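Here is how the chains run, residue by residue.
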Amino acid sequence: MEAHRLHQAITYQNVMEILVAQEVERQKSRLSPKLAKYINHVEVATYALNRLPPLYASCEEGRRQQQLKGNKKLRQQITTTVRQAFAAVQRDPIRLCTPIRPQEETESLAAKLALQGIRELLKNKEITWYNLVSIVRQTLIRATQIRKNRQKEQPRDPIYGWSDSRYQL
């Protein structure tokens with residue numbers, strides 16, 4: 001796949017996600033507040049979505065059409081599947097579940113770790129995203145100057161290395 005296509009905005013939508021989210025909220029509102037607080041609506045929706053047909057749309061007209069289809073032809077199936085999802089999620093209340101982080105959050109964490117790595121590499125705890133470029137630039141300039149100074153200080157041997165101690169008397 002071409003690189004520019006990987007970064008395009010998503011231009012399609014699974015309308016079933018909207019219909020299931022609405023049904024999850026409807027059924028959750030009927031639960032006692034005590035029970036509702038222990039229900040992870042994301043797990044309920046995921047359970048249901050994995051058992052229902054997708055309804056993808058790529059334009060507003062298609063989305064309206066898929067919503068009509070979902071509400072007309074699949075309403076009972078959505079209601080039943082969400083009810084089953086609530087029962088399945090309630091059956092396993094102590095299951096460990098680590099939520100998937102949104103991509104922005106994952107990228108933010110990676111950026112923080114990268115910045116920390118640069119701070120450690122350059123031994124400078126004051127580096128921020130705002131001063132990163134200027135500090136790296138200054139560090140590279142200093143490193144280049146140090147290298148040039150070392151080259152000037154070292155005596156140059158002739159091409160054949162005649163100053164090597166093996167050739168000295």
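Residues numbered from 1 in each chain as written. Predicted model: local features only at pLDDT ≥ 70, side-chain atom pairs only at ≥ 80, totals over all residues. Heavy atoms only, no water.

Some remarks on the overall build of the protein
Phase 1 of the analysis: Secondary structure assignment for the protein yields 8 helices and 2 strands.
Phase 2 of the analysis: Counting the 169 residues in the protein, one finds 20% classified as buried.
Phase 3 of the analysis: Sequence separation of 24 or more characterises 67% of the internal contacts of the protein that already satisfy a separation of 6 or more.
Phase 4 of the analysis: Split by element, the accessible area of the protein, about 14,200 Å² in all, is 55% carbon and sulfur. (Helix = DSSP H or I, 4+ residues; strand = E, 2+ residues; numbered from the N terminus. Buried < 20%, exposed > 50% of the residue type's maximum accessible area, 1.4 Å probe, protein only. Contact = heavy atoms within 4.5 Å. Areas by Shrake-Rupley, 256 points an atom, 1.4 Å probe, with all protein chains shown as cover.)

Considerations on helix α7 (residues 103-122)
Phase 1 of the analysis: Between its terminal C-alpha atoms α7 stretches 28 Å, which fits the 28 Å expected from 20 residues at 1.5 Å a residue.
Phase 2 of the analysis: Two residues or fewer past α7, Lys123 is found with a positive phi of approximately 50 degrees. (Expected span 1.5 Å × (residues − 1).)

What to know about the pattern of salt bridges
Phase 1 of the analysis: Following the criterion strictly, the structure yields 4 salt bridges and no others.
Phase 2 of the analysis: Arg63 is the partner of Glu60 in a salt bridge, and the nearest nitrogen-oxygen pair spans 2.5 Å. With Glu60 and Arg63 both in helix α5 (residues 60-73), this residue pair falls 3 residues apart, about one helical turn.
Phase 3 of the analysis: The closest approach of N and O atoms between Glu61 and Arg64, which form a salt bridge, is 4.0 Å. Here Arg64 and Glu61 lie together in helix α5, a separation of 3 residues that amounts to about one turn.
Phase 4 of the analysis: When its relative accessible area of 48% is taken as the criterion, Arg64 is described as partly exposed.
Phase 5 of the analysis: Taken together, the shared-partner salt bridges connect Glu23, Arg26 and Arg75 into one network. (Salt bridge = Lys/Arg side-chain N within 4 Å of Asp/Glu carboxyl O.)

Structural notes on the nonpolar core
Phase 1 of the analysis: Ranked by size, the top nonpolar core spans 18 residues in total, and within it Met16, Val20, Val24, Val44, Ile78 and Val82 carry the most contacts.
Phase 2 of the analysis: Put simply, the parts of the chain that give this core at least two residues each are α2 (15-29), α4 (41-49) and α6 (75-91).
Phase 3 of the analysis: Not counting the four nearest positions on each side in its chain, Val24 is found in contact with His41, Val44, Ala45, Val82 and Phe86. (Core = buried A, V, L, I, M, F, W, Y, C linked by side-chain atoms within 4.5 Å.)

Concerning the side chain of Asn14
Phase 1 of the analysis: Mapping Asn14 onto the fold places it in strand β1 (residues 13-14).
Phase 2 of the analysis: By relative accessible area, which is 10% here, Asn14 ends up buried.
Phase 3 of the analysis: In terms of polar contacts, Asn14 uses its side chain to reach the backbone amide nitrogen of Met16, at 3.0 Å.
Phase 4 of the analysis: Not counting chain neighbours up to four residues away, the residues in contact with Asn14 comprise Pro54, Leu55 and Tyr56. (Polar contact = N/O pair within 3.5 Å; in protein donor to acceptor, adjacent residues only side chain to side chain.)

Geometric values such as these leave the question of function open.
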